[in-house]
Amino acid sequence: SGDDQDGHGTAICHRTNATSNPWVLIIVSTSAIPAHQAHGDIIPAPTAGCPTTPGGGGRTTSTSFTVNPTGPGVGDRVSYRIHVSAAEGDPVGAATCYDDGQRFDTAPVDKGEGACAETVTSGGSHTISVVFTPTDPTRFSSSVSANVTVNVTKTTPTTTLVSSGTPASIGGPVTFTGTASGE
């Protein structure tokens, strides 16, 4: 069950809405998780297997997050403070965080709170989303946050050139060292 780290996908319990077989175990790619999350599938599948009765999704949850810093630059460490709420009780489980559909972190959620973090390596617009998976899917449902766009500022490229001999003697050796930085 759960996430298969070797690139074969994630095991989920797919909701069928049938009385006799309300959930089926399937493997989906990372890019398909938000669509399955949106219609109430249990992600990842619990180690005990999929529920055998309808309504195995538990209490409905809602997932949101905040971004800090709000205007990061390339190379900055960005934190995502996650909040999972339910009408009753405090959700417990895991939050999986995605940047442009690629998983970058998974963190525990306790009493509805958790945090993911990443160091951004490219500038431009990044679409961030968070998927909450409950520890006990009979108590709470999984949920997915709204997509949030984070604009990452590119650093200004710079080039520095330094010579070894200043001043250099006529005909003598000179070594130049160059350094480039930025995106």
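Fair warning: this is a prediction, and the values are worked out from it, not measured in the lab. (Residues numbered from 1 in each chain as written. Predicted model: local features only at pLDDT ≥ 70, side-chain atom pairs only at ≥ 80, totals over all residues. Heavy atoms only, no water.)

In terms of helices and strands, the protein chain carries one helix and 13 strands. Secondary structure elements in the protein chain, listed N-terminal to C-terminal, are β-β-β-α-β-β-β-β-β-β-β-β-β-β. In the protein chain, which comprises 183 residues, the share counted as buried stands at 34%. Look at the contacts in the protein chain between residues 6 or more apart in sequence, and 58% of them connect residues 24 or more apart. As displayed, the protein chain has an accessible area near 10,100 Å², and 52% of this comes from carbon and sulfur atoms. (Helix = DSSP H or I, 4+ residues; strand = E, 2+ residues; numbered from the N terminus. Buried < 20%, exposed > 50% of the residue type's maximum accessible area, 1.4 Å probe, protein only. Contact = heavy atoms within 4.5 Å. Areas by Shrake-Rupley, 256 points an atom, 1.4 Å probe, with all protein chains shown as cover.)

Once that is clear, we can look at the environment of T60. In this structure, T60 sits in the loop between α1 (33-38) and β4 (61-68). A C-alpha to C-alpha distance of 8.5 Å links T60 and S85, two positions 25 residues apart in sequence. Residues within four places of T60 in sequence aside, it is in contact with S85, A86, A87 and S141.

On to the environment of G58, then. Inspection of the secondary structure puts G58 in the loop between α1 and β4. For G58, a relative accessible area of 30% puts it in the partly exposed group. Counting along the chain gives 76 residues from G58 to P134, while the straight-line C-alpha distance between them is 9.2 Å. Every residue in contact with G58, bar those within four places of it in the chain, is listed here: P137, T138, R139, F140 and S141.

On to the state of the cysteines, then. Under the defined criterion, the tally for this structure stands at one disulfide. A sulfur-sulfur distance of 2.2 Å marks the disulfide that ties C97 to C116. Measuring handedness by torsion sign, the sulfur bridge of C97 and C116 sits at about 80° and is right-handed. On the criterion of sequence distance, the pair formed by C97 in strand β6 (residues 93-99) and C116 in strand β8 (residues 113-119) is long-range, its members being 19 residues apart. For C97, a relative accessible area of 0% corresponds to the buried category. (Disulfide = S-S within 2.5 Å.)

We now examine the confidence of the model for the protein chain. Of all residues in the protein chain, 89% attain a pLDDT of 70 or more, and the chain-wide mean is 83. Segment residues 1-6: pLDDT under 50, and 14 contacts once partners within four positions in sequence are set aside and those in other chains are kept. (pLDDT = per-residue confidence, 0-100.)

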